[in-house]
Amino acid sequence: MIDNFLKELELFSQKIFEKFNIDLKSIRTNRPSIELVENIKVNIYDQVFTIKHLGALSILPPRTIQIAVWDKNAIAAISRALEETKMGFSISIDGNNIYVNLPELSSERRLEFIKLAKKLAEETKIQLRQKRDDIIKKMRIAEEEKKISEDDIFSGKEKIQTIIDDFNKKIDLALDKKLKELEE
């Protein structure tokens, strides 16, 4: 029974950590990254697509992302979607290619992104703690129903805390890496 609770927490923690990583990658640094634009939603043909489904993305050093659009009719919609993100991109179009130029981050913008990254990390940790508390409540209910013993709860709590501590370390490492990128 305890193993089911631990698996539930492990799966939830993994999913929430993956989402945190995706969110973290979407925060702009001075380095161009395909993750900055690939999941931007584009409304075209009365449907919503992400940019990665409308063209091939590549990096052109030092600070340019190239989008080779497959359908020429999508260029205007992609360009509009990029401008609506308010991420400070300058956009140029050449044939079927859209060039997204990233200006160097100002110190104020850099501080905003640092705060955002720290906020995302804290929100993720809060979600983990809430799930931990939820699992412990479920264990208490199982104990009341005589499905598990108090000893099981005690050892389960230790294992649960180990899982939470491991994911908190992963979150801190990913955050530290992002903060270093932002300070470059």
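These numbers come from a predicted model, not from an experiment.

1. Brief notes about the packing of helix α1 (residues 2-25) against helix α3 (residues 107-144)
Then, number 1: It is the contact of α1 with α3, at a shortest axis distance of 10 Å, that shows an interaxial angle of 170°. Here α3 runs roughly antiparallel to α1, going by the angle between their axes. The residues of α3 that touch α1, namely those facing I2, F5, E8, L9, F12, S13, I16, F20, D23 and L24, are A117, L120, A121, T124, Q127, L128, K131, R132, I135, K138, M139 and A142.
Then, number 2: Of the residues that constitute the contact of α1 with α3, the class distribution is 14 nonpolar, three polar and five charged.

2. Some points on the pattern of salt bridges
Then, number 1: Scanning all chains against the criterion turns up 14 salt bridges.
Then, number 2: Between E143 and R140 there is a salt bridge whose closest N-O contact spans 3.3 Å. Here E143 pairs with R140, and both are found in helix α3, just three residues apart, close to one helical turn.
Then, number 3: Between K178 and E181 there is a salt bridge; the shortest N-O distance is 3.9 Å. Here K178 and its partner E181 are both found in helix α4 (residues 150-182), three residues apart, which amounts to about one turn of the helix. The same class applies to K178 as to E181, namely buried.
Then, number 4: The structure contains a network of salt bridges with shared partners spanning E8, K131, D134 and K138.

3. Comments concerning the packing of aromatic side chains
Then, number 1: For the structure on display, the rule yields two aromatic pairs.
Then, number 2: A centroid spacing of 6.4 Å and a plane angle of 35° characterise the contact between F17 and F20, whose relative ring orientation is tilted. Of this pair, F17 and F20 are both found in helix α1, three residues apart, which corresponds to roughly one turn of the helix.
Then, number 3: Since its relative accessible area comes to 13%, F17 is described here as buried.
Then, number 4: F20 sits in the buried class, given a relative accessible area of 2%.
Then, number 5: Ring plane angle 65° and centroid distance 6.2 Å describe the contact between F17 and F167, whose orientation is recorded as edge-to-face. Of this pair, F17 sits in helix α1 while F167 sits in helix α4, and the two are 150 residues apart along the sequence. Neither residue differs from the other here; F17 and F167 are each classed as buried.
Then, number 6: An aromatic cluster of at least three residues, connected via ring pairs, comprises F17, F20 and F167.
Then, number 7: Here the guanidinium or amino end of K170 rests over the ring plane of F17, the centre of that ring lying 6.0 Å away.
Then, number 8: In this structure, K170 is placed above the aromatic ring of F167, and the distance from its NZ or CZ to the ring centre is 4.5 Å.

4. Examining α1
Then, number 1: Taking 1.5 Å of rise per residue, 24 residues should cover 34 Å, and α1 covers 35 Å from first to last C-alpha, within 8% of that figure.
Then, number 2: By the burial criterion, the buried members of α1 are I2, F5, L6, L9, S13, I16, F17, F20 and L24.
Then, number 3: Structurally, α1 contributes buried residues whose contacts are with α3 and α4.

The rules behind each value
- Residues numbered from 1 in each chain as written.
- Predicted model: local features only at pLDDT ≥ 70, side-chain atom pairs only at ≥ 80, totals over all residues.
- Heavy atoms only, no water.
- Axes fitted to C-alpha atoms, helices over the stretch in contact; angles between N-to-C directions.
- Helix = DSSP H or I, 4+ residues; strand = E, 2+ residues; numbered from the N terminus.
- Parallel < 35°, antiparallel > 145°, perpendicular 65-115°, else oblique.
- Contact = heavy atoms within 4.5 Å.
- Nonpolar A, V, L, I, M, F, W, Y, C, P; charged D, E, K, R; others polar.
- Salt bridge = Lys/Arg side-chain N within 4 Å of Asp/Glu carboxyl O.
- Buried < 20%, exposed > 50% of the residue type's maximum accessible area, 1.4 Å probe, protein only.
- Phe/Tyr/Trp six-rings, centres within 6.5 Å; stacked < 30°, edge-to-face > 60°.
- Lys NZ or Arg CZ within 6 Å of the ring centre and 35° of its normal.
- Expected span 1.5 Å × (residues − 1).

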